[in-house]
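Survey of secondary and tertiary structure
What follows is the residue order along each chain.
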Amino acid sequence: MGWLDRPGAEKKSAEKAGAREDAEKKVRIPEGLWIKCNHCRQIVYRKEVDRAGKVCPKCNYHFPITLEERLEQLVDPGSFVEFAREVVSSDPLSFSDSQRYVDRLRAAQKKTGLEDAVRVGECLISTIPAVLGLFSFHFMGGSMGSVVGEKVVRGADRALETRRPLILVTASGGARMQEGIFSLMQMARTSAAVGRLRKEGIPYLTVLTDPTFGGVTASFAMLGDVIMAEPRALIGFAGPRVIEQTIRQQLPEGFQRAEFLLEHGFIDMIVERKNLKETLAQLLCHLGSDRSLANSAVCRGSEKG
């Protein structure tokens, strides 16, 4: 007896044909129209997320944004003047795995238009002068190699020289393994550099965004006079899956999220993206020891309020 002669075979064949016809009738959704939230896992309309400043309308998770978008949101228009652009990565270990390190660098530079994972420069934030360092997670996961460490150090040195406050906005997966010990030593260099600011009474603020991990968290990111984070940001040293596999225990709900860290005293405050510029300006007014800050129109206005 052939397959088509078996009882129910004709019915099943008709059902499959009907299912195919229904599938063809379904409206095709253009690619990129919807986006999945990294926190609540809900499918949300991309344009709605964009209108909210790349914030999930369901759970208030702050999606990672580009360095250029961050710069536009934080600084006064046209005020950012970058320095240390001439510092570029080399290949001290002649590292190669599935791809040569130099090739990875070229690919990242072509993709992002950046020389490396951080940009530093002088700027105005609500008319208040500051030195600003911005990380880009899109450049090799924001990993900290010798160039990133050097730029952070130069940013701290410029803040010390000009007596301007230093602000670093982090987004990083940690140290850059392709540079080995040259990468790891940047933890000590950057920590020492921002330590010099504290001795001179120059404000140093950090803003931790999703994600901030590894050597960046274990060094300068957690040394700010005030440590801020965006809502729902993942912050830690090792990732939660690595920790669970190591200790063979399930981690608490929300472990390593900004809210968990605030509750346990690891950070000072959580600031929504839309309020970040204003919050930074207010903090600089209160912490600033330079007369130029005290004379700022923004600071005078906050004092009256």
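Residues numbered from 1 in each chain as written. Predicted model: local features only at pLDDT ≥ 70, side-chain atom pairs only at ≥ 80, totals over all residues. Heavy atoms only, no water.

**Some words on helix α6 (residues 181-199)**
Under the 1.5 Å per step criterion, the end-to-end length of α6 is 28 Å for 19 residues, consistent within 8% with the ideal 27 Å. Inspection of α6 places Ser183, Gln186, Thr190, Ala193, Val194 and Leu197 among the buried residues, and these make up the whole buried set. Against α5 (146-162), β6 (166-172) and β7 (204-212) lie the buried residues of α6. Once α6 ends, the next one or two residues include Gly201, with phi positive near 70°. (Helix = DSSP H or I, 4+ residues; strand = E, 2+ residues; numbered from the N terminus. Expected span 1.5 Å × (residues − 1). Buried < 20%, exposed > 50% of the residue type's maximum accessible area, 1.4 Å probe, protein only. Contact = heavy atoms within 4.5 Å.)

**Thoughts on the pairing of strand β4 (residues 118-125)**
Of all eight residues that make up β4, seven are buried, and the element is covered over most of its length. By the bridge criterion, three bridges tie strand β3 (residues 81-83) to β4 in an arrangement that is antiparallel. Residue Phe83 lies in a different strand from β4, and its bridge partner there is Val120. Looking at chain direction, β4 and strand β5 (residues 128-135) are connected through eight bridges and run antiparallel. Across the sheet, the residue bridging to Ile125 is Ile128, located in β5. Between β4 and β5, which pair antiparallel one after the other, the connecting turn spans two residues, and Ser126 there sits at a positive phi close to 55°. (Pairing = 2+ DSSP bridges.)

**A closer look at the environment of Ala238**
As for its position among the elements, Ala238 is in the loop between β8 (226-229) and α8 (240-247). By relative accessible area, which is 25% here, Ala238 ends up partly exposed. Taking the C-alpha atoms as reference points, Ala238 and Gly215, separated by 23 residues in sequence, lie 9.5 Å from one another. Apart from residues no more than four positions distant in its own chain, Ala238 is found in contact with Phe213, Ile243 and Gln256.

**Side note on the layout of surface pockets**
In this structure, the largest pocket occupies an estimated 660 Å³ of space. Only β7 and α8 provide two or more residues apiece to the lining of the largest pocket. Take the lining of the largest pocket: its biggest share by element is three residues, from α8. Grouping the constituent residues of the lining of the largest pocket by class yields eleven nonpolar, six polar and eight charged. (1 Å grid on protein atoms, 1.4 Å probe; cavity = no way out; pocket = protein on both sides within 12 Å on 5 of 7 lines; lining within 4 Å. Points joined across faces, edges and corners; volume = space filled by probe spheres on them. Nonpolar A, V, L, I, M, F, W, Y, C, P; charged D, E, K, R; others polar.)

**Considering the packing of aromatic side chains**
One pass over the structure, following the stated rule, counts four aromatic pairs. With centroids separated by 5.4 Å and ring planes inclined at 50°, the aromatic side chains of Trp34 and Tyr45 adopt a geometry described as tilted. Placement of the pair is Trp34 in strand β1 (residues 34-36) and Tyr45 in strand β2 (residues 43-45), with a sequence separation of eleven residues. Overall, Trp34 belongs to the partly exposed group, its relative accessible area being 41%. Using a relative accessible area of 27% as the deciding quantity, one classes Tyr45 as partly exposed. In this structure, Arg158 is placed above the aromatic ring of Phe83, and the distance from its NZ or CZ to the ring centre is 4.0 Å. (Phe/Tyr/Trp six-rings, centres within 6.5 Å; stacked < 30°, edge-to-face > 60°. Lys NZ or Arg CZ within 6 Å of the ring centre and 35° of its normal.)

**Description of the environment of Ile35**
Inspection of the secondary structure assignment puts Ile35 in strand β1. Assessed through its relative accessible area of 18%, Ile35 is described here as buried. Put simply, Ile35 and Cys56 are 21 residues apart on the chain and 9.6 Å apart in space, counted from C-alpha to C-alpha. Apart from the residues within four sequence positions on either side, Ile35 is in contact with Gln42, Ile43, Val44, Arg46, Val49 and Phe63.

**Description of a nonpolar patch on the surface**
A surface patch of nonpolar side chains, about 460 Å² in accessible area, is lined by Leu93, Ile181, Phe182, Leu184 and Met185. For Leu93, the position within the fold is in the loop between β3 and α4 (101-112). Judged by relative accessible area, which is 41%, Leu93 ranks as partly exposed. (Patch = residues over 30% accessible without salt bridge, like charges linked within 9 Å, V, L, I, M, F, W, Y side chains within 5 Å. Areas by Shrake-Rupley, 256 points an atom, 1.4 Å probe, with all protein chains shown as cover. Salt bridge = Lys/Arg side-chain N within 4 Å of Asp/Glu carboxyl O.)

**Notes on the state of the cysteines**
Taken as a whole, this structure holds one disulfide when the rule is applied. Here Cys285 engages in a disulfide with Cys299; their sulfurs sit 2.1 Å apart. On the sign convention where negative means left-handed, the S-S torsion of about -90° between Cys285 and Cys299 marks this disulfide as left-handed. You can see Cys285 sitting in helix α10 (residues 276-287) and its partner Cys299 sitting in helix α12 (residues 297-304), a full 14 residues away along the chain. Take Cys40: it sits in no disulfide, and the sulfur closest to it among the cysteines is that of Cys37, at 3.7 Å. (Disulfide = S-S within 2.5 Å.)

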